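Inside the fold
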Amino acid sequence: MADRELMPIDWLRHLKQRMAEREYEITHNMLQVPDYPPLPECPDCNVQPTKITDQVADFDDDGLLIDFTPCGHRFKVPASELLRG
């Protein structure tokens with residue numbers, strides 16, 4: 001996956017924390033779709049994404065693949081980092 005930038009494990013932890021806080025705010029305040037808090041910004045361009053997707057790669061040492069839409073930046077956290085983190 002040469003077209004993906006490496007994402008440090010610390011940034012992944014930060015992303016997970018921000019997503020959990022967002023989910024808590026949505027459920028705790030019983031928010032509806034137009035009132036959802038924004039997703040965390042793309043770490044490369046700081047653009048507010050409309051979608052963040054992640055998937056676990058099942059080949060080589062690709063680990064976790066994370067994509068931001070609409071900016072299109074793509075990241076990976078190698079499996080070796082995930083195991084240490």
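See the structure above.
Residues numbered from 1 in each chain as written. Predicted model: local features only at pLDDT ≥ 70, side-chain atom pairs only at ≥ 80, totals over all residues. Heavy atoms only, no water.

The next thing to look at is the overall build of the protein chain. Per the secondary structure count, the protein chain includes 2 helices and 4 strands. Moving toward the C terminus, one meets the helices and strands of the protein chain in the order β-α-β-β-β-α. Taking the principal axes of the C-alpha coordinates as reference, the protein chain spans close to 40 × 25 × 20 Å. In the protein chain, 41% of the contacts between residues at least 6 apart in sequence involve partners at least 24 apart. (Helix = DSSP H or I, 4+ residues; strand = E, 2+ residues; numbered from the N terminus. Contact = heavy atoms within 4.5 Å.)

If you look at the biggest cluster of nonpolar residues, it comprises 11 residues: Met 7, Ile 9, Trp 11, Leu 12, Leu 15, Cys 42, Leu 64, Ile 66, Phe 68, Phe 75 and Val 77. With 4 residues, the top contributor of residues to this core is helix 1 (residues 9-28). Residues in contact with Leu 15, not counting those within four places in the same chain, are Pro 40, Ile 52 and Ile 66. (Core = buried A, V, L, I, M, F, W, Y, C linked by side-chain atoms within 4.5 Å. Buried < 20%, exposed > 50% of the residue type's maximum accessible area, 1.4 Å probe, protein only.)

Enumeration over the complete set of coordinates arrives at 0 disulfides. Counting only cysteine sulfurs, Cys 71 is the nearest neighbor of Cys 42, a cysteine outside any disulfide, at a range of 3.7 Å. Overall, Cys 42 belongs to the buried group, its relative accessible area being 0%. Its sulfur unpaired, Cys 45 is 3.8 Å from the next cysteine sulfur, which belongs to Cys 42. (Disulfide = S-S within 2.5 Å.)

Taken as a whole and judged by the stated rule, the model has 4 salt bridges. When the shortest N-O distance is used, the salt bridge between Asp 3 and Arg 74 registers 2.9 Å. A residue pair is termed long-range when its members are at least 10 positions apart, and Asp 3 in the segment before strand 1 (5-6) and Arg 74 in strand 4 (residues 74-77) qualify at 71 residues. With its nearest N and O atoms 3.2 Å apart, the salt bridge here joins Arg 18 to Glu 41. Here Arg 18, found in helix 1, pairs with Glu 41, found in the loop between helix 1 and strand 2 (51-56); they are 23 residues apart in sequence, far enough to count as distant. (Salt bridge = Lys/Arg side-chain N within 4 Å of Asp/Glu carboxyl O.)

Moving on: the sheet that holds strand 2. Taken together, 4 strands build an open sheet; the order of strands is 1-4-3-2 and the sheet is mixed. Where the open sheet ends on each side, the last strands, each with one partner, are strand 1 and strand 2. Contacts from helix 1 reach strand 2, strand 3 (64-69) and strand 4, with the element oriented near 60° to strand 3. (Pairing = 2+ DSSP bridges. Axes fitted to C-alpha atoms, helices over the stretch in contact; angles between N-to-C directions.)

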